[in-house]
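# Structure at a glance
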Amino acid sequence: MSKCAETNNNIYVQMTKDGSHTLMSSLFDDSYHAHNGAMSESEHVYIESGLQALSPEFKLVRILELGFGSGMNAILTLKQALAETAKIEVPIHYTSIEAYPVPWDVIVQLNYKQQLSPVLASLFDQLHLAPWDTDVEIIPGFVLHKVHGKLADYQGADNSVNLVYYDGFAPSKQPELWTQDNFDRLYPMMMNQGMLVSYCANGQFKRNLKAAGFSVKAHPGALGRREMTRAWKMS
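Bear in mind that the values here come from a model prediction, so they are computed numbers and not experimental data.

### Side note on empty space enclosed by the protein
- Scanning the entire structure with this criterion turns up one cavity of 30 Å³ or more.
- Taken as a whole, the largest cavity encloses approximately 30 Å³ of empty space.
- Contributing elements (two or more residues each) for the lining of the largest cavity: β5 (61–66) and β9 (161–166).
- Taken together, the residues of the lining of the largest cavity break down into eight nonpolar, no polar and one charged.

Next comes the structure, spelled out in structure tokens:
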């Protein structure tokens, strides 16, 4: 690993084994991504196991993400949406809740744009520069709404979400994100056949999901991790 250059707001950049950067939080003493590969982990957990596995019956993808962070999941979602054609075929509304926004002077240190096409590199900047707490059309078919706040304070409408990226810090580092209360609140927000995906495979996390009403299945994890979690609302 390369030497870390600490910046303000207790967040600093660190290299991972696949050559992509992650961020480290001094506040939570945890990384934003796997040290074995930031971009590789996000591709596996949230795109391949989440977005690509979502029911094709949905003609509008409504994503709710916990933790905008580095913008990794958002830009990879855009990358996948544009993979087949030059325009988005299935519209996406992407809501991301972030209590601790990463400062721009940290974002510009990340090397993600070096691994993206020029079009996606420009969109990556647009994602971060978009104002908070309002809908912003990044490109036709992709609307971003960044919420500056905490999940506990978020009021989402019932049946308004069909895919959740649950990407908070680990239960041992930020336990309040993994209590059953959160999943009791998320469950009515989700549409039937909506899916939640997370890198986490903690046993209590899965029990809390089940207690809230989710159908839970383990799924092969990324980069040497035995498991990740996928859960569905099947009412």
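### Examining the side chain of Ser-25
- Relative to the elements of secondary structure, Ser-25 occurs in strand β3 (residues 21–25).
- A polar contact of 3.3 Å, which involves the side chain of Ser-25, links it to the backbone nitrogen of Leu-27.
- Within the local environment of Ser-25, its side chain forms a polar contact with the backbone nitrogen of Phe-28, the two atoms lying 3.1 Å apart.
- In contact with Ser-25, not counting residues within four places along its chain, are Asn-10, Asp-30, Tyr-32 and Phe-169.

### As for the nonpolar core
- Judged by nonpolar contacts, the single largest core of 77 residues is most densely connected at Leu-78, Ile-138, Phe-142 and Tyr-166.
- Among the elements that make up this core, the one with the highest residue count is helix α2 (residues 72–81) (six residues).
- In this structure Tyr-166 touches Tyr-46, Leu-66, Leu-151, Leu-177, Trp-178, Asn-182, Phe-183, Leu-186, Leu-196, Val-197, Ser-198 and Tyr-199, once residues within four positions along its chain are discounted.

### Examining the environment of Leu-64
- With respect to the helices and strands, the residue Leu-64 is situated in strand β5.
- Judged by relative accessible area, Leu-64 falls into the buried class, the value being 2%.
- A C-alpha to C-alpha distance of 18 Å links Leu-64 and Ala-170, two positions 106 residues apart in sequence.
- Each residue touching Leu-64, except ones within four places of it in the same chain, is listed here: Thr-95, Ile-97, Tyr-154, Val-161, Leu-163, Val-164, Tyr-165, Leu-186 and Met-189.

### Here we look at the packing of aromatic side chains
- Tallied over the full model, the rule gives 15 aromatic pairs.
- Both rings, one in Phe-68 and one in Trp-132, keep their centres 6.5 Å apart while their planes meet at 80°; by these two values the pair is edge-to-face. Placement of the pair is Phe-68 in the loop between β5 and α2 and Trp-132 in the loop between α4 (118–129) and β7 (135–139), with a sequence separation of 64 residues.
- Among the aromatic residues, those joined into a ring-pair cluster are Tyr-166, Trp-178, Phe-183, Tyr-199 and Phe-205.
- Of note, Lys-146 hangs over the ring of Trp-132, and the distance from its end group to the ring centre comes to 4.6 Å.
- A cation over an aromatic ring shows up here: Lys-233 above the ring of Tyr-187, its NZ or CZ 4.9 Å from the ring centre.

Rules behind the numbers
- Residues numbered from 1 in each chain as written.
- Predicted model: local features only at pLDDT ≥ 70, side-chain atom pairs only at ≥ 80, totals over all residues.
- Heavy atoms only, no water.
- 1 Å grid on protein atoms, 1.4 Å probe; cavity = no way out; pocket = protein on both sides within 12 Å on 5 of 7 lines; lining within 4 Å.
- Points joined across faces, edges and corners; volume = space filled by probe spheres on them.
- Helix = DSSP H or I, 4+ residues; strand = E, 2+ residues; numbered from the N terminus.
- Nonpolar A, V, L, I, M, F, W, Y, C, P; charged D, E, K, R; others polar.
- Polar contact = N/O pair within 3.5 Å; in protein donor to acceptor, adjacent residues only side chain to side chain.
- Contact = heavy atoms within 4.5 Å.
- Core = buried A, V, L, I, M, F, W, Y, C linked by side-chain atoms within 4.5 Å.
- Buried < 20%, exposed > 50% of the residue type's maximum accessible area, 1.4 Å probe, protein only.
- Phe/Tyr/Trp six-rings, centres within 6.5 Å; stacked < 30°, edge-to-face > 60°.
- Lys NZ or Arg CZ within 6 Å of the ring centre and 35° of its normal.

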